[in-house]
Amino acid sequence: MNRRQTLFAGASLAGLLSGLKLSDPALAAFEVVKSDAEWRSQLDPIAYNVLRKQGTERAGTSPLDHEKRAGTFSCAGCSQPLFSSQTKFDSGTGWPSFYQPMPGAVGESTDRAYGMARTEVHCSRCGGHLGHVFNDGPKPTGLRYCMNGAALSFQAA
């Protein structure tokens, strides 16, 4: 192998590795693990697309965006409590938004889709994709957890 081939092979390998999502929640071990067929049978098509395929619902389509009652927002996949209604705010984005999750309820990974780096938020119990977190939220955290309503369920207090 000459120098050009070695450099090309090294660059190709580096490109391949940078394209992998090594922090992808699908590669981690979670408390709740189900087959794809089990997830499909448990979830409606929109929730399945969001939670298991990292999809996004259309803005303004979730009734949970307008939910104002006291209660808890949980993972639609495994029922783990994720957000208190006390941390919910109207972000004007068309998705339910919160400034803080419950302790230990969510995990984060880097999402490099669409040519940019965003912080993806997933359920720490089942790995289901919930949405993304941004640094433009209200006090006290300054964070906006922009969640897909299809990934959540709500239990009134």
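It should be emphasised that the depicted structure is a prediction, and the values quoted were computed from it without experimental measurement. Counting from 1, residues in each chain are numbered in the order their sequence is written. Totals for whole chains, interfaces and linings use every residue, but because this is a predicted model, local features are given only for residues with pLDDT of at least 70 and side-chain atom pairs only at 80 or more, for both listing and counting. The side-chain quantities take in all heavy atoms of the structure and omit both hydrogens and water.

## Description of the confidence of the model for the protein chain
Where the model shows low pLDDT, its predicted coordinates should not be examined in detail. On average, residues of the protein chain score 87 in pLDDT, and 82% of them are at 70 or above. This stretch, residues 10-27, has a pLDDT under 50; its non-local contacts, to residues over four places away or in other chains, come to 12 contacts. How sure the predictor is of each residue is captured by pLDDT, a score from 0 to 100. It only takes one pair of heavy atoms within 4.5 Å for two residues to be counted as in contact.

## Some details on helix H3 (residues 45-53)
Residue pairs spaced three or four apart in an α-helix point in one direction, given the helix's 3.6 residues per turn. Type-normalised accessible area, obtained with a 1.4 Å probe on protein chains alone, sets the label of each residue: buried when under 20%, exposed when over 50%, and partly exposed for intermediate values. The secondary structure listing takes helices from DSSP runs of H or I that are at least 4 residues long and strands from runs of E that are at least 2 residues long, numbered from the N terminus. Buried within H3 we find Ala47, Tyr48, Val50 and Leu51. Any pair of nitrogen or oxygen atoms within 3.5 Å is treated as a polar contact; in protein, a donor-acceptor pairing is required on top of that, and neighbouring residues in sequence qualify only through side-chain atoms on both sides. Capping the start of H3, aspartate 44 holds a side-chain oxygen 3.0 Å from the backbone nitrogen of isoleucine 46, two or three residues further along. Backbone geometry just downstream of H3 places glutamine 54 in the positive-phi region, at approximately 55 degrees.

## Some remarks on the sheet that holds strand S1 (residues 71-75)
Picture the strands of a sheet paired through backbone hydrogen bonds; they go either parallel or antiparallel. Strands are treated as partners if at least two bridges between them are detected by DSSP. A sheet is described by the order of its strands in space; here three strands give the open sequence S2-S1-S9, paired in antiparallel fashion. The open sheet has two edge strands with one neighbour each: strand S2 (81-84) and strand S9 (152-156). Ignoring strand direction, the axes of neighbouring strands in this sheet form an average angle of 30 degrees. Bridge count between S1 and S2: three bridges; the pairing is antiparallel. What sits directly across from threonine 72, in S2, is serine 84. Between N-to-C directions, angles cover 0 to 180 degrees, with each direction set by a line fitted to C-alpha atoms, over the stretch in contact for helices.

## A short note on the pattern of salt bridges
Should a side-chain nitrogen of Lys or Arg be within 4 Å of a carboxyl oxygen of Asp or Glu, the pair is scored as a salt bridge. For the structure shown, the criterion picks out five salt bridges. We note a salt bridge from glutamate 31 to arginine 125, for which the minimum N-O separation is 3.5 Å. With glutamate 31 in the loop between helix H1 (3-19) and helix H2 (36-42) and arginine 125 in the loop between strand S6 (118-123) and strand S7 (129-134), this residue pair connects regions lying 94 residues apart in the sequence. When its relative accessible area of 64% is taken as the criterion, glutamate 31 is described as exposed.

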